[in-house]
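The chain contents come next:
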Amino acid sequence: MKREKYVVTSALPYANGPLHIGHIAGAYLPADIFVRFCRMQGHDVVYVCGADEHGAPISIKAEAEGVTPREIVDRYHKEIKAGFDGLHIEFDNFSGTARPDHAKLAQEFFLSLYKRGFVVRKTTEQWFDTEKQRFLADRYVEGTCPHCGAEGARGDQCDACGKLIDAVTLKDPVSKISGSTPVLKSTTHWYLELQKFEEELKAWLETKTYWKENVHNFISNFLENGLIERAITRDINWGVPVPLEEAEGKVLYVWFDAPIGYISATKEWAQNIGHPDRWKDYWLGQDTKLIHFIGKDNIIFHTIFFPSFLMEQDKNYILPHDVPANEFLNLEGRKMSTSKNWTVWVNDFLKDFDGEYLRYYLAANAPETKDSDFVWKEFQNQINNDLANVLGNLANRVFAFTGKYFNRTITQPHDLSELSLKALNESKVLVDEVAECYRTYKVRQASKLCIDIARIGNKYFDETQPWKAVKQDASTAAETLYVCAELLRLVSIALYPILPQSMMRLRAMLNINSIPVWDDSDSILQDTTLGTIAPLYRKIDDKEITVQLARLDAARKAAEPVVLEHKDFIGFDDFLKLEIRVVKVIEAEAIKKSKKLLKLKIDLNGEQRSVISGIATSYKPEDILGKNVAMVMNLKPRKIMGVESQAMILAAHDEGIISALVPDIDVKPGSEIS
Ligand SMILES: [Zn+2]
């Protein structure tokens, strides 16, 4: 087979929060599996990623926490990396975009596009949040879509009609940072004239007939709507400075600098291994295949924007070879939401389960052609059935039997029965199919076929009945064990990209201690003495799933609005029995020994009364003095703390907050309320 060269990337995780399972299913696990498979095939791969560390969300979060953006970035870089490590997602380099070498490269990209006439300077009006004194990035302003009239459209794109929006055309804009109404204020920015790339992009995309259908369709539709220029600079202080004198105080827009992070991460890797020019073999080597693994929300960036930057550089960069974008992963039938905590955080998962269990379940349910669903109960079933009952059980029965009757020795038989040959041949066919699945990013099918090999093994074991055979003709039983061990060896090759850790354990039990290469599937198992045997997988208890579901349930309850309880209806006559009037507070004093009560004197058109009122937690005497408030006048007088209260103030209660009802328009004390 021809040795191919690859750069494989996974979407840069944004450094303002930890990883959740949706990220893993979309961009990381599929890439890690693909990379492992390519390496098993003998290809030359560099696999890079890094944290996306610039942009407004990070600076806003830093401001809210009173720390520097760098502190936010360092915190999440560490957390994110720990999540990847726990899942055995192994990059050659996990870098970050807030590094000086990245800034240098991003500036070089900008200048190249600028000098070649693809960047234009424009002074425009932009939404400005006067309360927070900052310009609003497109996604920090929401309003009514100018195309379809849908409410809640973001400044960059409308989710309802899918069209791009020029933020200033949004109707009824609201700042998402402060909730205030932003104003238009003029500012100068640099724009990438994407429309100038349209023809070249179309011609390039026409060659991409082998792309996944969802990706190809999405991008064709997008190009048909036409491209418009897009700002690549911003007015914030956290980012890569724009390398022009007249652009002081401006930074490159994060969507511009982020994908360049793939290249800076590769450069950093080359430096780390002591061959600083090695990155050129990949990014400038025209035979390299550049593969971007991403979620579907990132398709535009990797098929339109980033290729446009790459096309107009002084260096001859390669363009993406493939962009196998995935659909989304839902959770228990609902869309994941990090703000509502409706997700499973990777680092939480790793406290309770082995990372490989997540790898297996997400591979078997990968959102390849449509959205898929993470369901805890199904997670339990799939781990317990596929891994413990089928694969783990085959290993366990074969190894235990070999230990008991054959002194832990597996011996190659001289001849093979028809049943044995059938089991071996069927399995070999599956291994070849699995390779094709990995090559075409079908990990769902790959995981299923791998377990099918173990199923063949269990069926064959049952049919040949070695527990009976061993008493009559030991060599028949030995043959069964050999064939099953060979099937386990095939599984350890085929399933390695998905479950590298447990497949290495399985191989160690077979006394094979090398990382598998795919060609190993063409050879056969030699005589071997088993290594140390231990269960491959553990079963997951119902109790463990109950705990996870309870956690989700708590998240849902916390996010749901409180349901109000209503009292029984009353007649209008009942209502008329109440005498409610506007009164003026003419004296107010605190009551000693009470944090809750104020003593008030009220006046209603000359008549005065004393009132004890439980509003002191929200009102000091001077706050209520002189105000007109609503009072129930005909509640029977009662003594509170030894003082008679001759009316009752009306107030709204919102958890600890008490708010006295005050008439909207000034009316004279004594006015009746009905
Ligand atoms: Zn719309």
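Our subject is the structure listed above.
Presented here is an overview of the structure given in this document.

So, how was this worked out
Residues numbered from 1 in each chain as written. Predicted model: local features only at pLDDT ≥ 70, side-chain atom pairs only at ≥ 80, totals over all residues. Heavy atoms only, no water. Pairing = 2+ DSSP bridges. Helix = DSSP H or I, 4+ residues; strand = E, 2+ residues; numbered from the N terminus. Axes fitted to C-alpha atoms, helices over the stretch in contact; angles between N-to-C directions. Parallel < 35°, antiparallel > 145°, perpendicular 65-115°, else oblique. Left-handed = near helix turned anticlockwise from the far one by under 90°. Contact = heavy atoms within 4.5 Å. Polar contact = N/O pair within 3.5 Å; in protein donor to acceptor, adjacent residues only side chain to side chain. Phe/Tyr/Trp six-rings, centres within 6.5 Å; stacked < 30°, edge-to-face > 60°. Buried < 20%, exposed > 50% of the residue type's maximum accessible area, 1.4 Å probe, protein only. Lys NZ or Arg CZ within 6 Å of the ring centre and 35° of its normal. Donors = N, O, S within 2.8 Å, 3.2 Å for Na, K, Ca; no water. Tetrahedral: all angles 85-135°; square planar, octahedral: opposite > 155°, others 65-115°. Core = buried A, V, L, I, M, F, W, Y, C linked by side-chain atoms within 4.5 Å. Salt bridge = Lys/Arg side-chain N within 4 Å of Asp/Glu carboxyl O.

Quick word on the sheet that holds strand β4 (residues 119-129)
Paired through their backbone hydrogen bonds, the strands of a sheet run either parallel or antiparallel.
Link 1 in the chain: Read from one edge of the open sheet, four strands run β5-β4-β9-β10, paired in antiparallel fashion. Each having just a single partner strand, β5 (134-135) and β10 (230-231) make up the two edges of the open sheet.
Link 2 in the chain: Pairing of β4 with β5 involves two bridges; the strand directions are antiparallel. Each bridged residue has a counterpart across the sheet, and for Phe 128 the counterpart in β5 is Phe 135.

Thoughts on the packing of helix α16 (residues 474-494) against helix α17 (residues 500-509)
Link 1 in the chain: Across the interface, α16 lies against α17 with an axial gap of 9 Å and an inter-helix angle of 150°. By the angle between their directions, the pair α16 and α17 is classed as roughly antiparallel. For the crossing formed where α16 meets α17, the hand is left-handed. Of the residues in α17, those touching α16 at Leu 488, Arg 489, Val 491, Ser 492 and Ile 493 are Met 503, Leu 506 and Arg 507.

Overview of the sheet that holds strand β7 (residues 153-154)
Link 1 in the chain: Reading across from one edge, β7-β6-β8 is the order of the three strands in this open sheet, with antiparallel pairing throughout. What marks the edges here is a single partner per strand, and that holds for β7 and β8 (171-175).
Link 2 in the chain: Of the strand pairs in this sheet, strand β6 (residues 141-144) and β8 are connected by three bridges, and their pairing is antiparallel. The partner of Glu 142 across the bridge, within β8, is Val 174.

Things to note about the side chain of Asp 32
Link 1 in the chain: Residue position: Asp 32 is located in helix α1 (residues 21-40).
Link 2 in the chain: For Asp 32, the side chain forms a polar contact with the side chain of Arg 359, separated by 2.7 Å.
Link 3 in the chain: In this structure, Asp 32 is in contact with Tyr 47, His 88, Ile 89, Glu 90, Arg 359 and Pro 497, ignoring residues within four places of it in sequence.

Regarding the packing of helix α4 (residues 100-115) against helix α7 (residues 254-272)
Link 1 in the chain: Running from amino to carboxyl end, α4 crosses α7 at an angle of 130°, the nearest separation of the two axes being 9 Å. Overall, the two elements α4 and α7 adopt an arrangement that is oblique. Pair α4 / α7 crosses with right-handed handedness. Touching Asp 101, His 102, Leu 105, Ala 106, Phe 109, Phe 110 and Leu 113 of α4 are Phe 256, Asp 257, Ile 260, Gly 261, Ile 263, Ser 264, Lys 267 and Gln 271, all from α7.

Focus: the packing of aromatic side chains
Each aromatic ring pair is summarised here by two numbers: the centre-to-centre distance and the angle between the ring planes.
Link 1 in the chain: Per the counting criterion, the structure on display carries 43 aromatic pairs.
Link 2 in the chain: Their ring planes at 15° and their centres at 5.8 Å tell us that Phe 110 and Tyr 114 sit as a pair that is stacked. Highlighted residues: Phe 110 and Tyr 114, both in helix α4, separated by four residues, approximately one helical turn.
Link 3 in the chain: Among the residues examined, Phe 110 registers a relative accessible area of 0% and is labelled buried.
Link 4 in the chain: Between Trp 269 and Tyr 282, the ring centres sit 5.7 Å apart and the planes meet at 75°, which makes this aromatic pair edge-to-face. Pair noted here: Trp 269 is in helix α7 and Tyr 282 is in helix α8 (residues 278-283), with a separation of 13 residues, a long-range link. Neither Trp 269 nor Tyr 282 differs from the other in exposure class; each is buried.
Link 5 in the chain: Directly above the ring of Trp 255 sits Arg 230, whose terminal nitrogen or CZ lies 5.1 Å from the centroid.
Link 6 in the chain: The aromatic ring of Tyr 253 is capped on one face by Arg 234, whose charged end is 5.0 Å from the ring centroid.

Describing the coordination of the zinc ion
Link 1 in the chain: The protein atoms that coordinate the zinc ion are Cys 145 (SG), Cys 148 (SG), Cys 158 (SG) and Cys 161 (SG), at distances of 2.3 Å.
Link 2 in the chain: Coordination geometry of the zinc ion: the four donor atoms subtend angles of 105 to 114° at the metal centre, consistent with an arrangement described as tetrahedral.
Link 3 in the chain: The motif formed by the donor residues of the zinc ion, counted along the single chain, is C-x2-C-x9-C-x2-C. Of this pair, Cys 145 sits in the loop between β6 and β7 while Cys 158 sits in the loop between β7 and β8; the two residues are 13 residues apart in sequence, bridging distant segments of the chain. Take Cys 145 and Cys 158: they sit in the same class, and that class is buried.

Some points on the nonpolar core
In globular proteins that are soluble, nonpolar side chains generally tend to be buried together.
Link 1 in the chain: Ranked by internal contacts, the top residues of the largest apolar core, which has 193 residues, are Trp 283, Phe 374 and Phe 379.
Link 2 in the chain: Among the elements that make up this core, the one with the highest residue count is α1 (13 residues).
Link 3 in the chain: Not counting residues within four places of it along the chain, the set of residues in contact with Phe 374 comprises Ile 21, Leu 329, Asn 330, Leu 331, Glu 332, Val 344, Leu 358, Tyr 361, Leu 362 and Phe 379.
Link 4 in the chain: With 18 residues, the next largest nonpolar core counts Val 585, Leu 600, Ala 616 and Ile 658 among its residues.

With respect to the pattern of salt bridges
Link 1 in the chain: Counted according to the given criterion, the structure contains 45 salt bridges.
Link 2 in the chain: With a closest N to O distance of 3.5 Å, Glu 90 and Arg 36 form a salt bridge. With Glu 90 in the loop between α3 (69-86) and β3 (93-96) and Arg 36 in helix α1, the pair connects residues that are 54 residues apart, well separated along the chain.
Link 3 in the chain: With a closest N to O distance of 3.4 Å, Asp 542 and Lys 377 form a salt bridge. Within this pair, whereas Asp 542 is found in helix α18 (residues 542-559), its partner Lys 377 is found in helix α12 (residues 376-405), the two being separated by 165 residues in sequence.

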